[in-house]
Structure formats: C-alpha cells, structure tokens
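# Descriptive structure summary
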Amino acid sequence: MILPANDSFSFNARTGLSSWSSTLDKKASGNYSSGDSVTDDGLGVYFGIGAEININANVYTGLEFTKTIMNAGGGPESDPEDDYTIDVTSTSLLVGVKF
C-alpha cells in the first residue's frame, strides 16, 4: 500500500508470506562431527514500513524497515522444545527507476 503525502513524498506499508530455507553447517563439537548439517524450511510472515522521495519523474529514493518472523524446528511429530523462532529485521536504503 502506498500513501502519497504530496507529489514528491509517500509512505508505504507491506505484509505477506515469505518462503525460506536454511542450512546450518555444524563445527566439530559435542555429539557432532565436522561436516554435519541441519536444514529447515517453511513460511514466515513479514511486514514493513517505509518512505520514498521522488527525485524526478523517473527516479526515487527511500528508506524501508522490514521484519520477517520464521517459525522453525522439528515439525508436527517432534518435541515442542525443538521448535524455535527466528526474527530477521532489515533496514534498506532504496534507489529506484520508474519506467
């Protein structure tokens, strides 16, 4: 959603689902040998807010903050103590071209 404040400045907001996958390579320690890895994937919810300034009719710049929440873990038959949440936040400086 884009909410123009005037002809040169606007705010934006977004929300949705993010498909993700990850691989964690473990170092040799405890019960793991070097080269062991754990993989996981899923869907996460993301949301963000930002603002944009039009430099001219075709070029804009902006700043945006986004957060993605990823629920991970063992799955439906695993111990609930194996489940965990990863929150990924980012701040982005944008430069764009409209065509």
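Small disclaimer: the values here were computed from a predicted structure and weren't measured. What you see as residue numbers is a count from 1 along each chain, following the sequence as written. The model is predicted, so local features are restricted to residues of pLDDT at least 70 and side-chain atom pairs to those at 80 or more, both for listing and for counting; the totals for chains, interfaces and linings are taken over all residues. Excluding hydrogens and water, the side-chain values take into account all heavy atoms of the structure.

## Focus: the overall build of the protein chain
Note the threshold: Helical segments are the DSSP runs of H or I of at least four residues, strand segments are the runs of E of at least two, and each set is numbered from the N terminus. Exposed residues in this analysis have more than 50% of their type's maximum accessible area, buried residues have under 20%, and partly exposed residues fall in between, with area computed by a 1.4 Å probe over protein chains only. Contacts between residues were defined by any pair of non-hydrogen atoms, one from each residue, lying within 4.5 Å.
Tallying secondary structure elements over the protein chain gives 0 helices and 5 strands in all. Along the protein chain, from the amino end to the carboxyl end, the secondary structure elements read β-β-β-β-β. Looking at the protein chain as a whole, 17% of its 99 residues qualify as buried. Counted over contacts in the protein chain with a minimum sequence separation of 6, partners at least 24 positions apart contribute 47%.

## Re the packing of aromatic side chains
Geometry of an aromatic ring pair is reported as the spacing of the ring centres plus the angle between the planes. We apply this condition: In summary, the pairing rule links any two rings of Phe, Tyr or Trp, Trp by its six-membered ring, whose centres are within 6.5 Å, and it sorts them by plane angle into stacked for under 30 degrees, edge-to-face for over 60 and tilted for everything else.
According to the stated counting rule, one finds 1 aromatic pair in the structure shown. Their ring planes at 90 degrees and their centres at 5.0 Å tell us that F9 and F11 sit as a pair that is edge-to-face. Taking relative accessible area as the criterion, F9 reaches 27% and is therefore assigned partly exposed. Judged by relative accessible area, F11 falls into the partly exposed class, the value being 42%.

## Examining the side chain of T68
Topologically, T68 is positioned in strand 4 (residues 59–72). Relative accessible area serves as the criterion here: at 14%, T68 is assigned to the buried category. Not counting residues within four places of it along the chain, the set of residues in contact with T68 comprises S18, V45, Y46, I86, D87 and V88.

## Concerning a nonpolar patch on the surface
The line we're drawing: Patches were defined on residues exceeding 30% relative accessible area and lacking a salt bridge, with like-charge contacts within 9 Å and nonpolar side-chain contacts (Val, Leu, Ile, Met, Phe, Trp, Tyr) within 5 Å. For every accessible area listed, the method is Shrake-Rupley and the probe measures 1.4 Å; residues are considered covered only by the protein chains on display. Here, a salt bridge means any side-chain nitrogen of Lys or Arg that lies within 4 Å of a carboxyl oxygen of Asp or Glu.
A grouping of L17, L43, V45 and F47 is seen on the molecular surface, where their side chains present a nonpolar patch of about 390 Å² in accessible area. At 3 residues, strand 3 (residues 37–54) tops the list of elements feeding residues into the nonpolar patch. Within the secondary structure, L17 sits in strand 2 (residues 9–25). Assessed through its relative accessible area of 59%, L17 is described here as exposed.

## Some thoughts on the pairing of strand 3
Applicable threshold: Two strands form a pair only when DSSP identifies at least two bridges running between them.
The pairing of strand 2 with strand 3 spans 17 bridges and is classified as antiparallel. The partner of L17 across the bridge, within strand 3, is V45. Sheet analysis places strand 3 next to strand 4, joined by 11 bridges and oriented antiparallel. Looking at strand 4, one finds that F47 is bridged to K67. Taking the residues that link successive antiparallel strands as the turn, the strand 3-strand 4 hairpin has 4 residues.

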